[in-house]
Amino acid sequence: MAVCNIPLFLKMSPSALLGFKLVSTAKYSSRKLLTSLTEACRRAYSGDSGASPAGFLGPLDHYSGLIRDGTLREDEHQRAVMQTLDQLHKTLRGYSNTPISFFSKFFQNPKAPKGYYIYGDVGTGKTMVMDMFYSYVETEKKKRVHFHGFMLDVHKRIHRLKQSMPKRKVGKMAKSYDPIAPVAEEISEEACVLCFDEFQVTDIADAMILKQLFENLFLKGVVVVATSNRPPQDLYKNGLQRVNFVPFIAVLQKYCQTLRLDSGIDYRRRNRPSAGKLYFLSSEPDVEATLDKMFDELAFKQNDITRPRILNVNNRKVRLDKACGTIADCTFEELCDRPLGASDYLEMSRLFDTVFIRHIPLLTLNKKTQARRLITLVDALYDHKVRVVIVADHPLDDIFVHNGEHGHDESHILMDDLGLKRDEASSLSIFSGEEEMFAFQRTVSRLTEMQTEEYWLEGDRSPKSKV
């Protein structure tokens, strides 16, 4: 029988696969699950309106089938959300936001169904249920993306449109140009269904444009399904100029119903076979020599020599001092002390399947910026199934410290630059570290899963692993 080559954008995310596997019983068969998922994706990609070859009529039927055959264990919270998404899947049959004719552009588009905003604690299966829904949506005009990646793409589009504007003539005022609406129109032409994983707002540049961007998307008939660890009202909590962000929450709640998925279980942290020791403490004897040996053993299998690598990211050059093929050996200082961001880490995730991160220090309030970068780095590596080997000064659960015993001179300097008093600024998340503490729960959960044998094997991109 021919193998179904699933397009990249239809593959389920690591956390989706995790959701399937972490609730599995002893009867779990990865081959059986993969076959089931492949059939679902084949149906979604082909746009076939009937039952899939595996006999599943939609995401809820698929979910129930996996429970019946022992692949999944019943979770009432997941089922409740899946029932709602299954109904949306049925409602979306035949839906399109594409104008039928040229003249229809000037009239009101067909009313789009409401989307869903799914929130809950880390590791509860939010991404799994969203991705299962996505695999059954019967349209080619759909996109599933991490929210970080989506906003990077939006800012690139904004920059491109601004660059295409005629240059201002000397002595004349430049005409004001708002690129948000044209960007939203571009996106709406590419997708009538958008699925976002890890919807979070930490960047003021994102926060200030979200209302206008999403309002335009919704008016163009785009249906949004998103996952997040925060309820809508807590997005960008205590962020700078949050008063300008708050109207977006009303827009989101107008077009998306809120669902809570919170079973109280972090499935990523359940005991599963380990890939071996991948998280080391810097106090352990000969730890550097141990990592050097691990790197050499992995590098030996590469068709390359150990050398520095230069990454080209948005016309910038990012140097990594030590790499070999798809293996990168980096320090925390190299990855998180420099002004790097999501685009840099996404490029690393594309090029490397294994990243060593050495010398992670204790992350105090004085290192909030570095902590944010580490959170973003781990998100990018996890979403692309990149394997990690870590050396840190403290155990994983104790890396980030949130108390007043450690200085935060950078914050005081920034408060002074902004003309803010200490008591006025103490509630802002940029100074309090609250956002980093909240997001770091996800980082710890993901790094825990990234040490499992299952994750390590799935992250192997070598030719032998594809056979």
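One can find the structure itself at the top, above this paragraph.
Now for a look at the structure at hand. From a predicted model like this one, the values you see are computed outputs, not experimental measurements. (Residues numbered from 1 in each chain as written. Predicted model: local features only at pLDDT ≥ 70, side-chain atom pairs only at ≥ 80, totals over all residues. Heavy atoms only, no water.)

Relative to the helices and strands, Glu333 is located in helix H12 (residues 332-337). Of the residues examined, Glu333 reaches a relative accessible area of 54% and is grouped as exposed. With 37 residues separating them along the chain, Glu333 and Gln370 place their C-alpha atoms 8.8 Å apart. (Helix = DSSP H or I, 4+ residues; strand = E, 2+ residues; numbered from the N terminus. Buried < 20%, exposed > 50% of the residue type's maximum accessible area, 1.4 Å probe, protein only.)

Within this structure, the stated rule accounts for five cavities of 30 Å³ or more. The volume enclosed by the second largest cavity comes to roughly 90 Å³. Every residue lining the second largest cavity is counted, 13 residues in all, and those nearest its centre are Phe199, Gln200, Arg230, Glu435 and Phe438. Top element by residues in the lining of the second largest cavity is helix H18 (residues 434-449). It accounts for four residues. Classifying every residue of the lining of the second largest cavity by side-chain character gives six nonpolar, three polar and four charged. (1 Å grid on protein atoms, 1.4 Å probe; cavity = no way out; pocket = protein on both sides within 12 Å on 5 of 7 lines; lining within 4 Å. Points joined across faces, edges and corners; volume = space filled by probe spheres on them. Nonpolar A, V, L, I, M, F, W, Y, C, P; charged D, E, K, R; others polar.)

Here the structure, examined in full by the defined rule, presents 28 salt bridges. In this structure, the salt-bridge partner of Asp86 is Lys90, at a minimum N-O distance of 3.5 Å. Taken as a pair, Asp86 and Lys90 lie in helix H4 (residues 76-91) at a separation of four residues, close to a single helical turn. Judged by relative accessible area, Lys90 falls into the partly exposed class, the value being 43%. Arg316 is paired through a salt bridge with Asp344; the nearest N and O atoms lie 2.6 Å apart. Remark: Asp344 occurs in helix H13 (residues 342-351) and Arg316 occurs in strand S8 (residues 316-324); sequence separation between them is 28 residues. A relative accessible area of 3% places Asp344 in the buried class. Here the residues in one salt-bridge network are Lys143, Asp153, Arg157, Arg160, Glu186 and Glu190, joined through shared partners. (Salt bridge = Lys/Arg side-chain N within 4 Å of Asp/Glu carboxyl O.)

On to the pairing of strand S9 (residues 327-331), then. By the criterion of burial, S9 is predominantly enclosed, with four of the five residues buried. Sheet analysis places S8 next to S9, joined by two bridges and oriented antiparallel. Looking across to S9, one finds that Ala323 is bridged to Ala328. Here S9 pairs with strand S10 (residues 354-360) via five bridges, running parallel. What sits directly across from Ile327, in S10, is Thr354. (Pairing = 2+ DSSP bridges.)

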